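Remarks on the overall topology
Residues per chain are reported as follows:
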Amino acid sequence: SQGLCRALEQDHAKLQMAKETVEQRTQELRKEGELLHKNLEQQMSLNRHEERSCQMLPALPEKKMVFKGLVTNKEDTNKLMLTPLIRYPLLGGSALITFEKAEVAQRIIELKEHMVELSYGEELEELDRCRVRVQAAPVDILLPSALEMRLTQNSRSILVSDLPSLGISEEALLDKLELFFSKTKNGGGEVESREFLDNSGQVVLTFVQDGVAELLIAKGHIQVSVGKGKHKLKISPCMSGDITNLQLQPSRCPRTVLLSGIPDVLGEEPMRDALEIHFQKASRGGGEVDTLAYVPAGRQGVAVFMEDAG
């Protein structure tokens, strides 16, 4: 009878362990189901939001385009073209030199070290001549290779474009626009903020109350009394973009060389002239210099790289 009891106790313990295992797995499956349901709701909400944002795209301000003679495939017509504008930190005691030809830059980099004569144009004995040793290296920067953005619409803001050229300051034009759009008879309301978008000639107006922007956007255009006459302005949704995916790849500047280890023994202008003279000499492996930026020791600078049109 004792053996039977022990066997029953062991079976009971096994059943209890199995029960606990099943309950634990049930809880895990329940949590996974809740997580999947939550993710599904978020995805559906995101899809509805993106669909609503995409529906607003045709109302964006028109941009004047110039055909450059480039024919592309039909599937490429909806791609966004980015123009790189890279800011490159330049430490003190260094310089960036851009040559007209890439092969000259490559030669300078391969030589690595250069003895730069600082007393050009002066009749000096060999012992009196001053030289400095500088190092040459390639310039590598990161460029975007893939970019994904999510557009969202600000429900209380409008984008005002097709603004007239009145010969007045931006602040004065903002005042006139705020005055016009703050009046309810013009379909507006109290303006919370106004902003001139850089290099676009467009203004963003944000209203205090909901619904004002939506009614103005529905009109598409509006006649505004600015200055001595009336002007037809375009009203569009105010869209903002969030970067959801950005991939970068290293890119080497083919015509630019980084010079480092430049001692602070000359003024900024004389040192820049000495460097340019040295690296223009074919006998030193150089060639025609396009641009040269020099930052003396103890200071810092920022070089801006743009797309090479050549």
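Definitions and cut-offs
Residues numbered from 1 in each chain as written. Predicted model: local features only at pLDDT ≥ 70, side-chain atom pairs only at ≥ 80, totals over all residues. Heavy atoms only, no water. Helix = DSSP H or I, 4+ residues; strand = E, 2+ residues; numbered from the N terminus. Buried < 20%, exposed > 50% of the residue type's maximum accessible area, 1.4 Å probe, protein only. Contact = heavy atoms within 4.5 Å. Areas by Shrake-Rupley, 256 points an atom, 1.4 Å probe, with all protein chains shown as cover. Salt bridge = Lys/Arg side-chain N within 4 Å of Asp/Glu carboxyl O. pLDDT = per-residue confidence, 0-100. Phe/Tyr/Trp six-rings, centres within 6.5 Å; stacked < 30°, edge-to-face > 60°. Polar contact = N/O pair within 3.5 Å; in protein donor to acceptor, adjacent residues only side chain to side chain. Expected span 1.5 Å × (residues − 1). Arc of directions from axis to C-beta.

**What about the overall build of the chain?**
- For the chain, the count of helices and strands is five helices and ten strands.
- The buried share of the chain, reckoned over its 310 residues, is 28%.
- Taking the intrachain contacts of the chain between residues at least 6 apart in sequence as the baseline, contacts between residues at least 24 apart amount to 73%.
- Of the roughly 21500 Å² that the chain leaves accessible, carbon and sulfur atoms contribute 51%.

**Quick notes on the pattern of salt bridges**
- A full pass over the atoms with the stated rule returns 13 salt bridges.
- For the salt bridge of Glu117 with Arg131, the shortest nitrogen-to-oxygen distance reads 3.4 Å. In this pair, Glu117 is assigned in strand β3 (residues 113-117) and Arg131 in strand β4 (residues 131-161), connecting sequence segments 14 residues apart.
- The exposure class assigned to Arg131 is partly exposed, which follows from its relative accessible area of 36%.
- Between Glu171 and Arg194 there is a salt bridge; the shortest N-O distance is 2.6 Å. On the criterion of sequence distance, the pair formed by Glu171 in helix α3 (residues 170-181) and Arg194 in strand β5 (residues 191-197) is long-range, its members being 23 residues apart.
- The partly exposed category is assigned to Glu171, whose relative accessible area is 48%.
- Take Arg194: its relative accessible area is 23%, and that puts it in the partly exposed class.
- Each of the salt bridges in this network shares a partner with another, and the network as a whole consists of Glu171, Asp175, Glu178 and Arg194.

**Concerning the confidence of the model for the chain**
- In the predicted model, the chain carries a mean pLDDT of 78, and the fraction of residues at 70 or more is 79%.
- Counted against residues more than four places away or in other chains, residues 52-71, with its pLDDT under 50, gives 23 contacts.
- Note that residues 123-128 has pLDDT below 50 and, in this model, three contacts with residues that lie over four places away or in other chains.

**A few points about the environment of Phe180**
- Considering the arrangement of structural elements, one finds Phe180 in helix α3.
- Sequence separation of Phe180 and Val226 is 46 residues, and the distance between their C-alpha atoms is 8.6 Å.
- With sequence-adjacent residues up to four places away left out, Phe180 is seen in contact with Asn186, Ile222, Gln223, Val224 and Ser225.

**Re the packing of aromatic side chains**
- All told, the structure shown has one aromatic pair when counted by the stated rule.
- Between Phe180 and Phe181, the aromatic rings sit 5.2 Å apart at their centres with planes inclined by 80°, giving edge-to-face as the arrangement. Each member of the pair, Phe180 together with Phe181, is buried.

**What about the side chain of Asn186?**
- The residue Asn186 is located in the loop between α3 and β5 in this model.
- Here Asn186 falls in the buried class, since its relative accessible area comes to 15%.
- A polar side-chain atom of Asn186 sits 2.9 Å from the main-chain carbonyl oxygen of Phe180.
- When near neighbours in sequence (up to four residues on either side) are disregarded, Asn186 contacts Phe180, Leu216, Lys219 and Ile222.

**So, the environment of Gln106**
- Among the secondary structure elements, Gln106 is positioned in helix α2 (residues 102-111).
- Looking at Gln106, the relative accessible area reads 42%, which means it is partly exposed.
- Spatially, the C-alpha atom of Gln106 lies 7.7 Å from that of Arg255, the residues being 149 residues apart in sequence.

**Re α3**
- With twelve residues, α3 extends 16 Å from end C-alpha to end C-alpha; this agrees with the ideal 16 Å at 1.5 Å per step.
- Those residues of α3 that fall on the buried side of the exposure criterion are Leu173, Leu174, Leu177, Phe180 and Phe181. The arc enclosing the buried residues of α3, seen along the axis, measures out at 130°, which places them on a common side.
- Summarising the contacts, the buried residues of α3 are in contact with β4, β5, β6 (202-207), α4 (212-219), β7 (221-226) and β8 (229-260).

**Re helix α5 (residues 268-280)**
- When the terminal C-alpha atoms of α5 are compared, their 18 Å separation across 13 residues agrees well with the 18 Å that a helix rising 1.5 Å per residue should span.
- Every buried residue of α5 is accounted for by Met271, Arg272, Ala274, Leu275, His278 and Phe279. Burial along α5 is one-sided: seen end-on, the buried residues are contained in an arc of 160°.

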